[in-house]
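Coordinates in review
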Amino acid sequence: MKKTIIIFIFFVLTIENAFSLIKVDITRGNLDPLPIAVSPLHIDNKSEDFKSLKEKKLGEEISKIIEKNFKSTGLFNPLKKDAFVQKPDIAHLKPRFEDWRLIKAQALITGKIVVKDKKLKVEFRLWDLTAAKEMLALSFTTTPTNWRRVAHIISDKIYERLTGETGYFDTRIIYVSEKGPKDQRVKKLAIMDQDGHGTKYLTLGNELVLTPRFNPTNQLVTYMSYFKNMPRVYLLDIETGIQEVVGNFPGMTFAPRFSPDGKKIIMSFAKDGNSDIYSMDMETRVVERITDHSAIDTSPSYSPDGKYICFNSDRSGLQQIYTMRSDGSQVKRITFGSGIYGTPVWSPRGDLIAFTKMRKGKFYIGVMRSDGTGERLLTENYYQEAPSWSPNGRVLIFYRETKSDSKGKGFTAKLWSIDITGYNERLVKTETDASDPSWSSLLSK
Amino acid sequence: MKFNSALKNFVLVLFSTLLISACSTAKKASVDTVDDVYTGTDTVEYLANGVPDRVFFATNKSSLTTRSRDTLRKQATYLRKNKDLTVTIEGHADERGTREYNLALGERRANAAKDYLMTYGVSGKRISVISYGKEKPVNPASSPLAWSQNRRSVTIKAN
């Protein structure tokens, strides 16, 4: 995916970090989202046509993507455009702050687009309406077909400026697309933009595929496939489409995940009824055994500094979550609550572990500190599992299945997201039924 | 009084019908699972006459019940008689667990069956195992009965 975009941050007009009046607190559920006006980006009259791109509509479309992104956070309330009081081009030069305050907006985004010499140049500004000043101004140049990504990058920059956290809009989700009756599901690897746009299918559905996960640079995916009826962990290069088996194991390998530096794949290997955790160095192909226990050890996930691993084991009799040093030493059980636990995933911020909890016939997605304290259950449902973190560690995406009737009808699998505050639960739209989501890191860093 | 006795008969018939149907539901429930393990025959196929192809497990467990061991001894006898046969044992889990753990659990169940066949004289070289976790339910319903039928290991002729 390296080829897809080269974006130059052209010039920074101003960045004022100090003392803005508006600041969005994302550490708790926000019941009073910030009213924000996203003015359509105006098209510079020097603009040229580019292929089939309807550049006249581009300004409008980009502003709509930004609005949709902001709305999805639950932290912002994008105002309706028909109440807007100034033309986009004039507002972009300098807004009449008192007029925008009249429609209760607290922040305003304006912008300008030029398509020239087959390049798209987008310039935008964020205005603090209460303090009557500019908070941020940036400009990007890229190829015109990348216009959706520009909208996501602008969203990230503004989110960052207003919340003090990095954004998660210029990202992708890889997942398993599902079709067909429950007992004959056809599953394919699929990838899409975080907002559900641009779905591409990476496998044909000839064999069962499960649990895809990105490497840190989002170019490689590790997943499990039943190719030739041999369940093994595979590596897929998204750009070239080349797939290869990971390691040379004489049995099932599963539950793969990359190390935070992308140099290793960690996974389970099952032999003679016992699953243990192994890692493989991608360059040297050296395989290292990390756990050696007669119980099931699976679902390993590294801490972001690579020093620790959290994993799932039933060595106590039932599924619980454990941590250990990445060499397998200092194994420590961290879950003791009632119920059983699975799918631990370490937050990219390092502070929390997300998990699935099963208790009295219900499934929960929750988070806890990495020592097992401070457990918080975010959502309860009939069936849900497999949380994956947004790159800023603020949102979890997971999948949820519905109950089926005696004929297997009524079964669905869908992606959902929820903030770690427990608020803002949302259906993530996909073209087909979907499961096993994995969130990429930011595509442009 | 003729009317009365006719009514009486009718009530009697009705009562006994209710009694029978009550019996049959009670009987059905007790036949289907014992201690969370499916004991019915609805989904079972046969490797040969009198040789069931599958055994069932309790939730999150991979231990073999007396009944399962009986089935596996029949399979072992059959396989010892048919020396050229090789088999694949598929291990499965129900849908009420996390996907990755279920893959491991299916593998453990298939190996529990394999180990037992080996104890009864079938060479391990003739048996391969594969786990499907919760991916291939035999009964797609979301009910305790369906889940008990799906927690299984199935011996399939491979040649």
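Calculation notes
- Residues numbered from 1 in each chain as written.
- Chains lettered and ligands numbered in written order.
- Predicted model: local features only at pLDDT ≥ 70, side-chain atom pairs only at ≥ 80, totals over all residues.
- Helix = DSSP H or I, 4+ residues; strand = E, 2+ residues; numbered from the N terminus.
- Rg over C-alpha atoms; globule rule 2.2 N^0.38 Å.
- Contact = placed C-beta atoms within 7 Å.
- Buried ≥ 20, exposed ≤ 12 C-beta atoms within 10 Å, placed from the backbone.
- Pairing = 2+ DSSP bridges.
- Axes fitted to C-alpha atoms, helices over the stretch in contact; angles between N-to-C directions.
- Domains from an automatic or database assignment.
- Core = buried A, V, L, I, M, F, W, Y, C linked by C-beta atoms within 7 Å.
- Nonpolar A, V, L, I, M, F, W, Y, C, P; charged D, E, K, R; others polar.

1. Some thoughts on the overall build of chain A
- Scanning chain A for helices and strands turns up four helices and 31 strands.
- Against the globule reference of 22 Å for 445 residues, chain A gives a C-alpha radius of gyration of 23 Å, in line with a compact fold.
- A principal-axis box enclosing the C-alpha atoms of chain A has dimensions of 70 × 50 × 45 Å.
- For chain A, the proportion of contacts with a sequence separation of at least 24, taken over those separated by at least 6, is 47%.

2. Notes on the overall build of chain B
- Looking only at helices and strands, one finds four helices and eight strands in chain B.
- Along the chain direction, N to C, the helices and strands of chain B fall in the order α-β-β-β-β-β-α-β-α-β-α-β.
- Residue burial in chain B is summarised as follows: out of 159 residues, 42% are buried.
- For chain B, the proportion of contacts with a sequence separation of at least 24, taken over those separated by at least 6, is 68%.

3. Quick word on the sheet that holds strand β24 (residues 352-359) of chain A
Residue and element names in this part refer to chain A.
- Pairing within the open sheet is antiparallel, and its four strands lie in the order β23-β24-β25-β26. Here the strands that pair on one side only, and so sit at the sheet edges, are β23 (340-346) and β26 (376-381). Direction aside, the axes of adjacent strands within the sheet are offset by 20° on average.
- Taken together, the five bridges between strand β25 (residues 362-369) and β26 define a ladder with antiparallel strand orientation. Across the sheet, residue G366 finds its bridge partner in β26, namely L377.

4. Details of the domain arrangement of chain A
- Once the domains are mapped, chain A shows domain 1 (2-163) and domain 2 (172-439).
- Domain 1 of chain A and domain 2 of chain A are separated by 35 Å when their C-alpha centres are compared.

5. Some thoughts on unusual backbone geometry
All names here are of chain A.
- Even without glycine at this site, N229 takes up a positive phi of about 60°.
- C-beta crowding within 10 Å serves as the criterion here: with 10 such atoms nearby, N229 is assigned to the exposed category.
- Positive phi, normally seen in glycine, also occurs at K360, with a value near 45°.
- Relative to the helices and strands, K360 is located in the loop between β24 and β25.

6. Structural notes on the nonpolar core
Residues and elements named next belong to chain A.
- Core analysis: the largest hydrophobic core is formed by 79 residues, its most contacted members being Y223, M267, I353, A354, L396 and I397.
- Apart from the residues lying within four places of it in its own chain, the contact partners of L396 are A354, I365, P387, S388, W389, S417, I418 and I420.
- Counting residues in each nonpolar core, the second largest holds 39 residues, with A91, A107, W127 and L162 among its members.

7. Considerations on the sheet that holds strand β9 (residues 186-193) of chain A
All names here are of chain A.
- Here four strands make up an open sheet; going across it, the order is β10-β9-β8-β31 and the pairing antiparallel. Two strands bound the open sheet, and with one partner strand each, they are β10 (200-201) and β31 (433-439).
- Pairing geometry for β9 and β10, over two bridges, is antiparallel. Directly across from I191, in β10, lies its bridge partner K200.

8. Observations regarding the interface of chain B and chain A
- Contact with chain B, which involves 21 residues of that partner, is made by 33 residues of chain A.
- Of the residues forming the side of chain B that touches chain A, the biggest block, 10 residues, is contributed by helix α3 (residues 99-119) of chain B.
- Considered class by class, the residues forming the side of chain B that touches chain A number nine nonpolar, six polar and six charged.

9. Points about the environment of B:V87
- With respect to the helices and strands, B:V87 occurs in strand β6 (residues 87-92).
- Setting aside residues no more than four positions away along its own chain, B:V87 makes contact with B:L79, B:R126, B:I127, B:T155, B:I156, B:K157 and B:A158.

10. Here's the deal with the pairing of β24(A)
All names here are of chain A.
- Counting buried positions along β24 yields seven of eight residues, so the element is predominantly enclosed.
- Bridge count between β23 and β24: five bridges; the pairing is antiparallel. Counted as the bridge partner of G342 is T356 from β24.
- By the bridge criterion, eight bridges tie β24 to β25 in an arrangement that is antiparallel. Its bridge partner lying in β25, R359 is registered against K362.
- Between β24 and β25, which follow one another and run antiparallel, lie two residues, and K360 among them has a positive phi close to 45°.

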